[in-house]
Amino acid sequence: MARIIVITSGKGGVGKTTTAAAMAMGLAQRGNRTAVIDFDVGLRNLDLIMGCERRVVYDFANVINGEANLNQALIRDKRCEHLYILPASQTRDKEALTQDGVGRVLEELNKSYDYVICDSPAGIEHGALMAMYYADDAIVVTNPEVSSVRDSDRMLGILASKSRRALESQEPIREYLLLTRYAPDRVARGEMLGVEDVQEILALNLLSVIPDSQSVLNASNAGNPVILDHESDAGQAYADMVARYLGEERPMRFLDAERKGLFSRLFRG
Amino acid sequence: MVGLLDYFRSAAGAPKGSASVAKERLQILVAHDRAARGRPSYLPKLEQEILAVIRKYVEVDTDAVSVTYEQEESHEILELNIVLPESSARS
Ligand SMILES: Nc1ncnc2c1ncn2[C@@H]1O[C@H](COP(=O)(O)OP(=O)(O)OP(=O)(O)O)[C@@H](O)[C@H]1O
Ligand SMILES: [Mg+2]
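Residues numbered from 1 in each chain as written. Chains lettered and ligands numbered in written order. Predicted model: local features only at pLDDT ≥ 70, side-chain atom pairs only at ≥ 80, totals over all residues. Heavy atoms only, no water.

A. Structural view of empty space enclosed by the protein. Going through the model one piece at a time under the given rule, you end up with one cavity of 30 Å³ or more. There is about 50 Å³ of room inside the largest cavity. Across the lining of the largest cavity, the residue classes tally to five nonpolar, three polar and no charged. (1 Å grid on protein atoms, 1.4 Å probe; cavity = no way out; pocket = protein on both sides within 12 Å on 5 of 7 lines; lining within 4 Å. Points joined across faces, edges and corners; volume = space filled by probe spheres on them. Nonpolar A, V, L, I, M, F, W, Y, C, P; charged D, E, K, R; others polar.)

Written out as structure tokens, the structure reads:
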């Protein structure tokens, strides 16, 4: 039985794909058979972040349309033997993913995987609905910023009303908050919403706080999920995310600004 | 010197930065969004039909009618708002 986890947000560009790559790699490195699926039809990106873009032959839509079988389309990660990637289709047909088709693919993955990570596209339309429909768990990726928090809240409403679990009156999707692109120094100066502020509004189980970090850009430049960069703050915060998701207790890190001397505080900016 | 001013302002405990404004706005907005989620599903149709009736008598824009729904603790409020054009009195 595979646990299906959707990485979603509503708002675009908040760090879903970065998170999906980290989550998938983190789970797989602990020995879980993990598949990560790119649902962003027409805007394939996950393969780039995972560094397997040159090995894409078939995609998710090919499998749904019966033009390839699942095993032909899944790309095995070169760094971790338990990890497989299913790339998105580059077609411009946004309806390439049908609910039945997605269901069939997930059903097949269900047989031999422990976790299936669904990287949702932005928005609240077809692609995003397909990504979350079959989910057991949802990681709601949020930036400490008004439109992102608002969209996350709307996405929570959608998870609670339009998912399969909601429509079939099953136990609801387990929802987690992941706060990303966090800048503690700006929070300290009152320029950015803090963890507590966002928590107070969304009231979700907080998985981790990922600092805004150059290491994320370095990782995507190289095609290595940032969780593999054990030295980096973002890599460590993502490792915490995986650990907490699996039930380990870890204190929150990277919440405080580096202490600066009075001098730099007086004369900044 | 902005840095210096800021430093003394925050040291004095005055409201700092724009984050507190963001939080206040969000709290209102999210409460509003959540209330709207419980809206009865007939509202859009109701709005359309009222619009059709109004248009029998007055030339109004297609967005002239808005129906809002709010759930208070003990009762629900259905508010109907119709915007008439400047010279709506039929000549
Ligand atoms: N913690 C972070 N620190 C710095 N940059 C980040 C961080 N997280 C994400 N980014 C950057 O933000 C951009 C968007 O990230 P990503 O593609 O993961 O977002 P997304 O939510 O998947 O976007 P989309 O909605 O378009 O699918 C990328 O350039 C990424 O490198
Ligand atoms: Mg993405």
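B. Layout of the nonpolar core. Residue and element names in this part refer to chain A. Within the largest apolar cluster, 56 residues are counted, with the highest numbers of intra-cluster contacts made by Phe-39, Phe-60, Leu-86, Val-102, Leu-109 and Val-116. Sorting elements by how many residues they give to this core places helix α7 (residues 146-162) first, with five residues. Discounting residues that sit within four places of it in the chain, Phe-39 has contacts with Phe-60, Leu-97, Val-102, Cys-118, Asp-119, Ser-120, Pro-121, Gly-127, Met-130 and Ala-131. Counting residues in each nonpolar core, the second largest holds 38 residues, with Ala-28, Tyr-115, Ile-139 and Leu-207 among its members. (Core = buried A, V, L, I, M, F, W, Y, C linked by side-chain atoms within 4.5 Å. Buried < 20%, exposed > 50% of the residue type's maximum accessible area, 1.4 Å probe, protein only. Helix = DSSP H or I, 4+ residues; strand = E, 2+ residues; numbered from the N terminus. Contact = heavy atoms within 4.5 Å.)

C. Spatial organisation of the packing of aromatic side chains. All names here are of chain A. Under the defined criterion, the tally for this structure stands at five aromatic pairs over all chains. Judged by centre distance (5.7 Å) and plane angle (65°), the ring pair of Tyr-176 and Tyr-245 falls under edge-to-face. Taken together, the residues Tyr-176 in strand β7 (residues 174-182) and Tyr-245 in helix α12 (residues 233-245) connect sequence positions 69 residues apart. For Tyr-176, a relative accessible area of 8% corresponds to the buried category. Judged by relative accessible area, Tyr-245 falls into the buried class, the value being 9%. Following the ring pairs from residue to residue traces out a cluster consisting of Tyr-115, Tyr-176 and Tyr-245. Against the face of Tyr-113 rests Arg-33, its NZ or CZ located 4.9 Å from the ring centre. (Phe/Tyr/Trp six-rings, centres within 6.5 Å; stacked < 30°, edge-to-face > 60°. Lys NZ or Arg CZ within 6 Å of the ring centre and 35° of its normal.)

D. Up close: the side chain of Asn-32 of chain A. Residue and element names in this part refer to chain A. Structurally, Asn-32 is set in the loop between α1 (16-29) and β2 (34-38). Within polar-contact distance, the side chain of Asn-32 engages the backbone oxygen of Leu-27 at 2.9 Å. If near-sequence neighbours (up to four positions away) are discounted, Asn-32 is found in contact with Leu-27, His-82, Asp-114 and Tyr-115. (Polar contact = N/O pair within 3.5 Å; in protein donor to acceptor, adjacent residues only side chain to side chain.)

E. Inspection of the site of ligand 1 at higher detail. Residue and element names in this part refer to chain A. In the vicinity of ligand 1, 15 residues are found, and the nearest of them are Gly-13, Lys-16, Thr-17, Thr-18 and Ser-213. Considered on its own, ligand 1 offers 640 Å² of accessible surface; in the complex 79% of this is hidden by protein. Judged by the proximity of its atoms to the pocket grid, ligand 1 belongs to the second largest pocket. Elements with a contribution of two residues or more to the shell around ligand 1: α1 and β8 (205-211). Residue contributions to the shell around ligand 1 peak at three residues, all from α1. (Near = heavy atom within 4 Å. Areas by Shrake-Rupley, 256 points an atom, 1.4 Å probe, with all protein chains shown as cover. Sits in = over half its atoms within 2 Å of the grid points.)

F. The UniProt feature "domain: AAA" (unreviewed entry) in chain A, seen in detail. Here, UniProt's "domain: AAA" (unreviewed entry) annotation points to residues 3-150 of chain A. Taken end to end, residues 3-150 of chain A comprises 37% helix and 19% strand; its first and last C-alpha atoms sit 27 Å apart. (UniProt positions renumbered as here; feature names shortened; annotations may be inferred.)

G. Expanded view of the sheet that holds strand β4 (residues 83-86) of chain A. All names here are of chain A. Strand order in the open sheet formed by eight strands is β3-β4-β2-β5-β1-β6-β7-β8, and the pairing between neighbours is mixed. Looking at the sheet topology across the chains shown, the edges are occupied by β3 (75-76) and β8. Sheet contacts for helix α5 (residues 99-112): β1 (3-8), β2, β4 and β5 (115-119); angle to β2, the most-contacted strand, approximately 165°. Against the sheet, α12 engages β1, β5, β6 (137-142), β7 and β8, with an angle of about 165° to β8. (Pairing = 2+ DSSP bridges. Axes fitted to C-alpha atoms, helices over the stretch in contact; angles between N-to-C directions.)

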